[in-house]
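A look at the structure
So the chains spell out like this:
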There are 2 protein chains.
Amino acid sequence: MSLSTMKEILPQSGVGFLLRAGQKLKVLDPMGSQVADLFCLSRIYTGEWFSAARTIDYAGSLLLTTGNILYSNMSNPMAKIIEDTCGRHDLLIPPCCLKEFQTLAGNTQHHPNCDENLASSLKKYGVPANRIATSFNIFMNVSFEKGDLRIHPPASRPGDHIVLEALMDLVVALTACAHEETNGGECKPIRYEILE
Amino acid sequence: MSLSTMKEILPQSGVGFLLRAGQKLKVLDPMGSQVADLFCLSRIYTGEWFSAARTIDYAGSLLLTTGNILYSNMSNPMAKIIEDTCGRHDLLIPPCCLKEFQTLAGNTQHHPNCDENLASSLKKYGVPANRIATSFNIFMNVSFEKGDLRIHPPASRPGDHIVLEALMDLVVALTACAHEETNGGECKPIRYEILE
């Protein structure tokens, strides 16, 4: 499979799409050190959505990789990680949002952010913005020693990827993260592909 | 203030109540080693609810104590911890739920759980059950070294308490946690009081 068959998410933007049970989603970091935030909901009932809290509880771990399952707020399995060439992702930090840029970084003007990009990608599926409580932050590198959260440059190298298999019919939103500091100083694209 | 002015939440049950901005909520562990799960929403817009993810992001820490603030999914401050005699609480684990007892513990019959107790306590305020994504688990003792989650008996001794000041008008749900293993082997009561 060549990279040319993959779709590109431009830097600091997002996409929304459907993923049927059994289909696989490949998410690839083409340049390295770039985070992709993923959020998903049940296609048949959008009151059922991805829950980072249920996911870490059932995994018994803050760190997910091949074999681990993403769970919903109703404790149902949504997707399984079946391939992971990077090995470091995050489930603790919510999608970067406008208020975060204003409060933590002191921005006074609009800054692109994953929260808005996920929400706008889901709008066509009738999903309200406040459903996006947590996300699976692919390639995000957060340490938590003694409880202190620190964001480091992603460990992903060019070509690193993760493959998720849908375990129910899903509505998926995926971003190329818009936060410069989270992505080693520069926001870059993300590539993705749906495999049968 | 004597303990007799406090209300009691019976073991493995929950309560729901309103808390006005400026009012304070005292949550006390009368016997020691007992967890109380807290969830809250904005009283004027129940689409705004407590977010553990936003809370740890703004705190920069997984561990909260006096001075820390609970944030909503819309990044607004909901309540501030103004007193804490225990010092160890949890923001990682979601409220214990029926599926968790069935999946992780293999229960085949109904087991009381915080998820249902929070939801039934909020029903009279018109809050749908799926709003309860995460909770502030007062006195819950979870270690996360190298990412491995382990639940230990609560560090709280008899009389240990926490006081939260509401920063907006809130609908609050509070439980005496229903999970034996989380509470040192036995589920005990919790006491609470609203202070002006």
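For the structure, check the block above.
Residues numbered from 1 in each chain as written. Chains lettered and ligands numbered in written order. Predicted model: local features only at pLDDT ≥ 70, side-chain atom pairs only at ≥ 80, totals over all residues. Heavy atoms only, no water.

Before going further, it helps to examine the overall build of chain A. Check the secondary structure of chain A and you find three helices and 12 strands. The C-alpha radius of gyration computed for chain A amounts to 15 Å, which stays within 12% of the reference 16 Å derived for 196 residues, consistent with globular compactness. Taken along its principal axes, the extent of the C-alpha atoms in chain A is 40 × 35 × 35 Å. Here chain A, with 196 residues, has 58% of them falling under the buried criterion. (Helix = DSSP H or I, 4+ residues; strand = E, 2+ residues; numbered from the N terminus. Rg over C-alpha atoms; globule rule 2.2 N^0.38 Å. Buried < 20%, exposed > 50% of the residue type's maximum accessible area, 1.4 Å probe, protein only.)

Now for the interface of chain A and chain B. On the side of chain B, 35 residues touch chain A, which itself brings 35 residues to the contact. Buried area between chain A and chain B, both sides added, is near 2,900 Å², and the carbon and sulfur share of it is 57%. Note that R54 of chain B is salt-bridged to D115 of chain A, the shortest N-O span being 3.9 Å. Taken together, the links from chain A to chain B amount to 16 residue pairs in polar contact (both at pLDDT 80 or more). Mapped by element, the contributors of at least two residues to the side of chain A that touches chain B are α1 (52-59) and α2 (98-103) of chain A. A total of five residues in the side of chain A that touches chain B trace back to one element, the largest contributor, which is α1 of chain A. (Contact = heavy atoms within 4.5 Å. Buried area = accessible area lost by both parts, 1.4 Å probe. Salt bridge = Lys/Arg side-chain N within 4 Å of Asp/Glu carboxyl O. Polar contact = N/O pair within 3.5 Å; in protein donor to acceptor, adjacent residues only side chain to side chain.)

Turning our eyes to something else, we now look at the relation of the copies chain A and chain B. Two copies of the chain are present, and they differ by a rotation about an axis and a shift along that axis. Screw-axis analysis of chain A against chain B gives a translation of 0.0 Å along the axis, an RMSD of 0.0 Å, and a rotation angle of 180°. Interpreted geometrically, this transformation is the action of a two-fold axis. Interface overlap between copies: 100% of the residues of chain A at the interface are likewise at the interface in chain B, consistent with a symmetric, same-surface contact. (Least-squares fit on C-alpha atoms with pLDDT ≥ 70 in both.)

Residues and elements named next belong to chain A. As summarised here, the arrangement of the four strands in space is β2-β11-β4-β7, forming an open sheet in which the pairing is antiparallel. The outermost strands of the open sheet, each flanked by one partner alone, are β2 (14-19) and β7 (136-138). Each strand axis lies, on average, 25° off the axis of its neighbour in the sheet, ignoring direction. In terms of strand pairing, strand β4 (residues 36-42) meets strand β11 (residues 170-175) through five bridges, oriented antiparallel. Among the inter-strand pairings, L38 is bridged to a residue of β11, identified as L174. Against the sheet, helix α3 (residues 114-122) contacts β2, β4 and β11, and its axis sits at roughly 145° relative to β11. (Pairing = 2+ DSSP bridges. Axes fitted to C-alpha atoms, helices over the stretch in contact; angles between N-to-C directions.)

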